[in-house]
Amino acid sequence: MGRHLIRARHFKNVTDTDGHHVSAGEICNVPWVAIAPVVNAIRVLEQMVPDGEHLFAATHHFGKDTGVLQAGGLNLRIKDFITWANREAAARDLTGQHIPDDPHGPMQAGRFRRTLAWHIARRPGGLVALAIQYGHMRTVLDARTSSRYGTRSRGGIHTVLDVETALAADTAARLRDRLAAGEHISGPATQRALTAAAHVPRFEGRIVPRTFVNKARAYLARDGIVLFDNPDALLICAFKRDSALCEPDPDANAPRQYDCRPGCANTVRTDTHARLLRARPDELDHLADRLPPPVGRRLRTNAGRLRAAAGTHDSTSQTAEALR
Ligand code: SF4
């Protein structure tokens, strides 16, 4: 329930009123919003180091006298983690979970960090989260601010996302799987979603040349049949610029999912979404009982809206077979 907020101290460019560097740093204005596994990992680290020490103090992780883990130490830890994960996968006969050797050499902190960034960026509003949380990079707004995404550097993560989104097409593949398993589908964009699900190949991993980014952009520009998963709004968005209620700019090729609005003509839902739509209101009601009345009322209104959306799905959805 709720969100975990992590408050941290930062040191770079922290000065007092006379412009002198403050070596003790200061608490960041914006906290990290973290998921439960991150909080659990911090709790484990807290058990490993005495109170008041850095969580990554080199003394306790490497037996060194001073300082905290540096890039070299982190790289070793990533290598150890991969070895451990593969040993566990082998011991439990989970061959699909084996982490293969990387053709580009050992995974190091820089690439690991970029991988994390990729996962954050693919969440609704994730680019904004990146702009806040990877705060030491230069924050600029590029042409894609047309989608009002905060970004870090021109062409950086967006290039990666364009390629990955175009290649992965995982939302369309997942939708195809759900329909094949007999799930019903509903929503004004159902026909476009069915077309996308029928025509998008499954992504099984491949290395692409740098020039592929142009092809990826062309793919994403196919207005109306690129599907975007929106787990926060519990729907799939078959993004069509002209009918989008989240007000994307005229040349945007992605929705502003963090501002998804009810009643949009690009919405599609499956039975899985409806099931989640019915589960979430119970959580909201539970939370509402514990909050001040004005906030509680808002949460209950929201819960009612989600129940109504689930009911609409139940009464209007059909199988893919019936729609053909
Ligand atoms: S408002 Fe419409 S276009 Fe925007 S994210 Fe929601 S469903 Fe997609």
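Everything numeric here is computed off the predicted structure, so don't read it as measured data.

Enquirer: Any chance you could break down the side chain of T267 for me, citing the residues and the numbers?
Expert: As for its placement among the helices and strands, T267 is situated in strand β8 (residues 267-270). According to the relative accessible area criterion, T267 is buried, its value standing at 13%. A polar atom in the side chain of T267 sits 2.9 Å from the backbone oxygen of C264. Setting aside residues no more than four positions away along its own chain, T267 makes contact with S186, G187, P188, A189, L235 and I236.

Enquirer: Can you explain the nonpolar core? Please cite residues and give values.
Expert: Burial of nonpolar side chains together is a common tendency in soluble globular proteins. By size, the foremost hydrophobic cluster in this structure holds 14 residues, and its most contacted members are L175, L179, I185, A193, L227 and V268. Looking at this core, the elements that each hand over two or more residues are α7 (170-180), α8 (190-199) and β7 (235-238). When residues of this core are assigned to their parent elements, the largest contribution, 4 residues, is made by α8. Once residues within four sequence positions are removed from consideration, V268 is found in contact with I185, S186, G187, A189, T190, A193, L235, I236 and H273. Counting 9 residues, the second-largest nonpolar core is a separate cluster that includes A288, A303, L306 and A310.

Enquirer: Summarise the sheet that holds strand β5 (residues 185-186); cite the residues concerned and give the values.
Expert: Strands pair in a sheet through their backbones, by hydrogen bonds, and they do so in one of two ways: parallel or antiparallel. Here 4 strands make up an open sheet; going across it, the order is β5-β8-β7-β6 and the pairing antiparallel. Pairing within the sheet leaves two strands with one partner each, and these edge strands are β5 and β6 (227-230). Judged from the 2 bridges that link them, β7 and β8 form a sheet pairing that is antiparallel. Pairing of I236 across the sheet is with V268, part of β8.

Enquirer: Please give an account of the site of the ligand that cites residues and values.
Expert: In the vicinity of the ligand, the residues found are C237, F239, A244, L245, C246, P255, Q257, C260, R261, C264, N266 and T267. Grouping the amino acids of the shell around the ligand by side-chain chemistry returns 8 nonpolar, 3 polar and 1 charged.

Enquirer: I'd love a proper account of the confidence of the model for the chain, names of residues and values included.
Expert: Chain-level statistics for the chain give a pLDDT mean of 79 and a share of 75% at 70 or above. Counted against residues more than four places away or in other chains, residues 135-155, with its pLDDT under 50, gives 54 contacts.

Enquirer: A description of helix α1 (residues 36-48) should follow, citing residues and the corresponding values.
Expert: Taking 1.5 Å of rise per residue, 13 residues should cover 18 Å, and α1 covers 19 Å from first to last C-alpha, within 8% of that figure. What α1 keeps buried is the set V39, I42 and L45. Seen along its axis, α1 keeps its buried residues to an arc of 115 degrees; they face one direction. Exposed and oriented more than 90 degrees from the buried face of α1 are P37 and Q47. Those residues of α1 that are buried lie in contact with β1 (4-6), β4 (32-34) and α2 (58-62).

Enquirer: Tell me about the packing of helix α10 (residues 271-288) against helix α11 (residues 293-316), and please be specific about residues and values.
Expert: Relative to each other, α10 and α11 sit at 160 degrees, their axes nearing to 8 Å. One finds that α10 runs roughly antiparallel with respect to α11. In this structure, α10 meets α11 at a crossing whose hand is left-handed. Within the contact between the two elements, α10 uses D271, A274, L277, R278, R280, P281, D282, L284, D285, L287 and A288 and α11 uses G296, L299, R300, N302, A303, L306, R307, A309, A310, H313 and D314. Grouping the constituent residues of the contact of α10 with α11 by class yields 11 nonpolar, 3 polar and 8 charged.

Enquirer: An account of the pattern of salt bridges is needed here, citing residue identities and associated values.
Expert: Across all of its chains, the model carries 10 salt bridges by this definition. Where R43 meets E46, a salt bridge forms, and the shortest distance between an N and an O atom there is 3.3 Å. Taken as a pair, R43 and E46 lie in helix α1 at a separation of 3 residues, close to a single helical turn. Classification of R43 by relative accessible area gives partly exposed; the value is 48%. For E46, a relative accessible area of 38% puts it in the partly exposed group. Among the salt bridges present, the one from R174 reaches D229, with a minimum N-O distance of 3.2 Å. Pair noted here: R174 is in helix α7 and D229 is in strand β6, with a separation of 55 residues, a long-range link.

Enquirer: Describe the packing of aromatic side chains, and please don't skip the residues or the numbers.
Expert: In this structure the tally under the stated criterion is 2 aromatic pairs. Taking the centre distance of 5.9 Å and the plane angle of 35 degrees together, the rings of F81 and W84 count as tilted. One end of the pair, F81, and the other, W84, are both in helix α3 (residues 71-91), 3 residues apart, so they sit about a helical turn from each other. With a relative accessible area of 43%, W84 lands in the partly exposed category.

Enquirer: Can you explain α7? Please cite residues and give values.
Expert: Restricting attention to buried positions, one finds in α7 the residues T171, A172, A173, L175 and L179. Of the surrounding secondary structure, the elements contacted by the buried residues of α7 are β5, α8, β6, β7, β8 and α12 (320-323). One or two positions beyond α7, positive phi appears at G182, with a value near 100 degrees.

Cut-off values and rules
Residues numbered from 1 in each chain as written. Predicted model: local features only at pLDDT ≥ 70, side-chain atom pairs only at ≥ 80, totals over all residues. Heavy atoms only, no water. Helix = DSSP H or I, 4+ residues; strand = E, 2+ residues; numbered from the N terminus. Buried < 20%, exposed > 50% of the residue type's maximum accessible area, 1.4 Å probe, protein only. Polar contact = N/O pair within 3.5 Å; in protein donor to acceptor, adjacent residues only side chain to side chain. Contact = heavy atoms within 4.5 Å. Core = buried A, V, L, I, M, F, W, Y, C linked by side-chain atoms within 4.5 Å. Pairing = 2+ DSSP bridges. Near = heavy atom within 4 Å. Nonpolar A, V, L, I, M, F, W, Y, C, P; charged D, E, K, R; others polar. pLDDT = per-residue confidence, 0-100. Expected span 1.5 Å × (residues − 1). Arc of directions from axis to C-beta. Axes fitted to C-alpha atoms, helices over the stretch in contact; angles between N-to-C directions. Parallel < 35°, antiparallel > 145°, perpendicular 65-115°, else oblique. Left-handed = near helix turned anticlockwise from the far one by under 90°. Salt bridge = Lys/Arg side-chain N within 4 Å of Asp/Glu carboxyl O. Phe/Tyr/Trp six-rings, centres within 6.5 Å; stacked < 30°, edge-to-face > 60°.

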